[in-house]
Amino acid sequence: MKRFLLLICIAFAAVPAGAQQVFSLDDCIRTGLERNYSIRIVRNEQQISDNNATPGNAGYLPTVDLSSGFSGTLNNNSNKLSDGTTEKTNGIHNETADVGLNVNWTVFDGLGIQATYDKLKELQSLGELNTRMTIEDFVADLSGEYYNLIRQKIRLRNLRSTLDLSRERLRIVEERYYIGSMSRLDLQQAQVDFNADSSNVLNQLEQVHTSRIRLNRLMALEDVEEQLQIKDSLIAPNPFLDEVELWKSTLAANSALLIAKKNRVISELDYKKIKSRNYPYVKLNAGYGYTANWYEVGTTDLQRRLGLNYGVTVGINVFDGFNRKREQRNARIQIQNQELRTQELELGLRADMSNFWMAYRNNLDLWSLEKENLVAAQENYRIAIDRYKLGDLSGIELREAQNSLLEAEERQSIAEYSTKICEISLLQLSGKIMDMFHEND
């Protein structure tokens, strides 16, 4: 009966795992790009920048207004005549109605309109760069969390393997204790080590759960607690990155650097806009309308007018309290500041590249070393467990060999994960982070 119930439990436990969708890194990125709230918001903001980049918003096109109105007056008139008499008329009601079409067009304003339109187009490009940078940050964060989940699951497997070794040790000690070849102290120590390893497994289950929740949140899944199954079970760093190529790509494609250069161009356009006020402006206006007036007194009862009016205005600001000069000086300073920020950012990128590259190469060497150490630790444990079964090794010495194996597994896992994180950082810095997504499409 117990065996039957056990088989049922195993069968039911296996069904959900088989029914769940398995996500690769590409699947996670693709889902996140569609659903992540930050990306959806920045794309909407980019759409606003696209909508604003029009000739009409810059002032290239004329404005046309259609208006109509109706008004009236009700007066009591009192007129004193030359003969000394007074003529009074009460309740005089006059009415006026009009409808007209008015056109106003700034033909020239010292190239200010052109500068405004160029700035709107640069802001449109800036919106695209902000979207790109947000997407790159997201891909880097999601990729890092994806590999962190793999690392946590690897650690869980290692801890479970250690727990299995402790369980086997506890079984051996119990058998020998009952036949009198081992002391109760040995049994208690084996039980303590088994319980400690069980506790480590339970704590690691929490770490796996936390990482999975973070990944689900980045992907903006409806059920943030979904038991997401990922395709990869190992971390495979790329050992073939080239520092020179990465730095060239950074100078050409780093999003933050491109945004800084774009801001400098916008500052130059702001300066051009201010300088346009040194020149005259030319404005055209025209109107076509109909007006009707109704009078209760006088020789005319109804007066109608239908006609065209037009005009041109030419002007220049002669003096504005030296504000233009002040604004131009400030605009030139802003251009200098943007150039300094670009240089500062480039220097910071060079420092980040150097640090990440050093960490990347160092972790590659550690990864290679720890793989060799793991092989040695595995062989050391096999020898230790064989000697322990023969009674030539104490429980404490076996535990040391077991801990050495776990530490070697953990160091290798940390080295390969750290190498992968450095790789992600280098790709993000050089503007190549999307290669992690496209390379498998």
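Cut-offs and rules
Residues numbered from 1 in each chain as written. Predicted model: local features only at pLDDT ≥ 70, side-chain atom pairs only at ≥ 80, totals over all residues. Heavy atoms only, no water. Patch = residues over 30% accessible without salt bridge, like charges linked within 9 Å, V, L, I, M, F, W, Y side chains within 5 Å. Areas by Shrake-Rupley, 256 points an atom, 1.4 Å probe, with all protein chains shown as cover. Salt bridge = Lys/Arg side-chain N within 4 Å of Asp/Glu carboxyl O. Lys, Arg positive; Asp, Glu negative; His and termini not counted. Charge placed at Lys NZ, Arg CZ, Asp CG, Glu CD. Helix = DSSP H or I, 4+ residues; strand = E, 2+ residues; numbered from the N terminus. Buried < 20%, exposed > 50% of the residue type's maximum accessible area, 1.4 Å probe, protein only. Contact = heavy atoms within 4.5 Å. Expected span 1.5 Å × (residues − 1). Pairing = 2+ DSSP bridges. Axes fitted to C-alpha atoms, helices over the stretch in contact; angles between N-to-C directions. pLDDT = per-residue confidence, 0-100. Core = buried A, V, L, I, M, F, W, Y, C linked by side-chain atoms within 4.5 Å. Phe/Tyr/Trp six-rings, centres within 6.5 Å; stacked < 30°, edge-to-face > 60°.

## Considerations on a positive patch on the surface
For step 1, the next point in the chain: On the surface, a cluster of positive charge is contributed by Lys-275, Lys-325, Arg-329 and Arg-332.
For step 2, the next point in the chain: For the positive patch, the leading source of residues is helix H9 (residues 323-390), giving three residues.
For step 3, the next point in the chain: The residue Lys-325 is located in helix H9 in this model.

## A word on the pattern of salt bridges
For step 1, the next point in the chain: Here the structure, examined in full by the defined rule, presents 26 salt bridges.
For step 2, the next point in the chain: Across the pair Arg-169 and Asp-193 runs a salt bridge whose closest N-O atoms are separated by 2.5 Å. In this pair, Arg-169 is assigned in helix H5 (residues 112-178) and Asp-193 in helix H6 (residues 184-219), connecting sequence segments 24 residues apart. Side by side, Arg-169 and Asp-193 carry an identical accessibility label, which is buried.
For step 3, the next point in the chain: Here Arg-277 makes a salt bridge to Glu-327, at a shortest N to O gap of 2.5 Å. Placement of Arg-277 in the loop between helix H8 (255-275) and strand S5 (281-294) and of Glu-327 in helix H9 is noted, with a sequence separation of 50 residues between them.
For step 4, the next point in the chain: Classification of Glu-327 as partly exposed rests on a relative accessible area of 23%.
For step 5, the next point in the chain: Shared partners join several salt bridges into a network, and the residues in it are Arg-277, Asp-320, Arg-324, Arg-326 and Glu-327.

## Observations concerning the side chain of Thr-250
For step 1, the next point in the chain: Within the secondary structure, Thr-250 sits in helix H7 (residues 243-253).
For step 2, the next point in the chain: The residues touching Thr-250, leaving out its near neighbours within four places in the chain, are Leu-257, Leu-349, Met-353, Leu-429 and Ser-430.

## Brief notes about H5
At 3.6 residues per turn, the α-helix brings residues three or four places apart onto the same side.
For step 1, the next point in the chain: Here H5 spans 97 Å end to end across 67 residues, near enough to the 99 Å set by a 1.5 Å rise per residue.
For step 2, the next point in the chain: Phi turns positive one or two residues past the end of H5, at Gly-180, with a value near 85°.

## Considering the sheet that holds strand S3 (residues 86-108)
For step 1, the next point in the chain: Taken together, the four strands give an open sheet; going across it, the order is S2-S3-S5-S6, and neighbouring strands pair in antiparallel fashion. Two strands in the sheet have a free side with no partner beyond their single neighbour: strand S2 (63-80) and strand S6 (302-315). The sheet shows a mean angle of 20° between the axes of neighbouring strands, direction not considered.
For step 2, the next point in the chain: Sheet topology note: the S2/S3 ladder contains 17 bridges and is antiparallel. Paired with Ser-78 across the two strands is Lys-88, which belongs to S3.

## Here's the deal with the confidence of the model for the protein
For step 1, the next point in the chain: Here the protein shows a mean pLDDT of 91. Residues at 70 or above account for 95%.
For step 2, the next point in the chain: When mean pLDDT is compared element by element in the protein, H7 scores highest at 97, while helix H1 (residues 2-19) scores lowest at 40.
For step 3, the next point in the chain: Every residue in residues 1-18 scores below 50 in pLDDT, and together they form zero contacts with partners more than four places removed in sequence or on other chains.

## Observations concerning the nonpolar core
For step 1, the next point in the chain: In this structure, Leu-142, Tyr-146, Tyr-147, Leu-215, Met-219, Tyr-388 and Ile-433 are the most contacted members of the largest nonpolar core, which totals 67 residues.
For step 2, the next point in the chain: Breaking this core down by element, the ones donating at least two residues are helix H2 (25-35), H5, H6, H7, H9, helix H10 (395-429) and helix H11 (435-438).
For step 3, the next point in the chain: For this core, the leading source of residues is H5, giving 16 residues.
For step 4, the next point in the chain: In contact with Met-219, not counting residues within four places along its chain, are Phe-23, Cys-28, Thr-31, Gly-32, Arg-35, Asn-36, Leu-142 and Leu-228.

## As for the packing of aromatic side chains
For step 1, the next point in the chain: A full pass over the atoms with the stated rule returns five aromatic pairs.
For step 2, the next point in the chain: Summarising the aromatic geometry, the rings of Tyr-177 and Tyr-178 are spaced 5.5 Å apart at their centres and angled 65° between planes, so their arrangement reads as edge-to-face.
For step 3, the next point in the chain: Among the residues examined, Tyr-177 registers a relative accessible area of 25% and is labelled partly exposed.
For step 4, the next point in the chain: Here the aromatic rings of Trp-357 and Tyr-360 are separated by 5.2 Å at their centres, their planes lie at 40°, and the arrangement is tilted.

## Section: the pairing of S5
For step 1, the next point in the chain: Note: S3 against S5, 13 bridges, orientation antiparallel. What sits directly across from Val-99, in S5, is Tyr-290.
For step 2, the next point in the chain: Strand direction decides the pairing type here: S5 and S6, joined by 14 bridges, are antiparallel. Directly across from Gly-289, in S6, lies its bridge partner Gly-307.

## Quick word on unusual backbone geometry
For step 1, the next point in the chain: The phi torsion at Leu-111 lies on the positive side, around 70°, for a residue other than glycine.
For step 2, the next point in the chain: Positionally, Leu-111 belongs in the loop between S3 and H5.
For step 3, the next point in the chain: The backbone phi angle of Phe-322 is positive, close to 65°, even though this residue is not glycine.

## Details of the environment of Ala-140
For step 1, the next point in the chain: Along the chain, Ala-140 turns up in helix H5.
For step 2, the next point in the chain: In the structure, Ala-140 is positioned 284 residues away from Ile-424 in sequence and 6.3 Å away in space, judged by C-alpha atoms.
For step 3, the next point in the chain: In this structure, Ala-140 is in contact with Ile-424, Gln-428 and Ile-433, ignoring residues within four places of it in sequence.

## Here we look at a nonpolar patch on the surface
For step 1, the next point in the chain: Nonpolar side chains collect at one region of the surface, where Val-64, Leu-66, Val-99, Leu-101, Tyr-288, Tyr-290, Leu-306, Leu-308 and Tyr-310 lie side by side and expose about 970 Å² of accessible area between them.
For step 2, the next point in the chain: Among the secondary structure elements, those contributing two or more residues to the nonpolar patch are S2, S3, S5 and S6.
For step 3, the next point in the chain: Here the element with the most residues in the nonpolar patch is S6; it accounts for three residues.
For step 4, the next point in the chain: Checked against the element boundaries, Tyr-288 lands in strand S5.

## Here we look at H9
For step 1, the next point in the chain: Counted at 1.5 Å a residue, the expected span for H9 with its 68 residues is 100 Å, and the 95 Å between its end C-alpha atoms agrees.
For step 2, the next point in the chain: Looking one or two residues past H9, Gly-391 carries a phi angle of roughly 85°, positive in sign.

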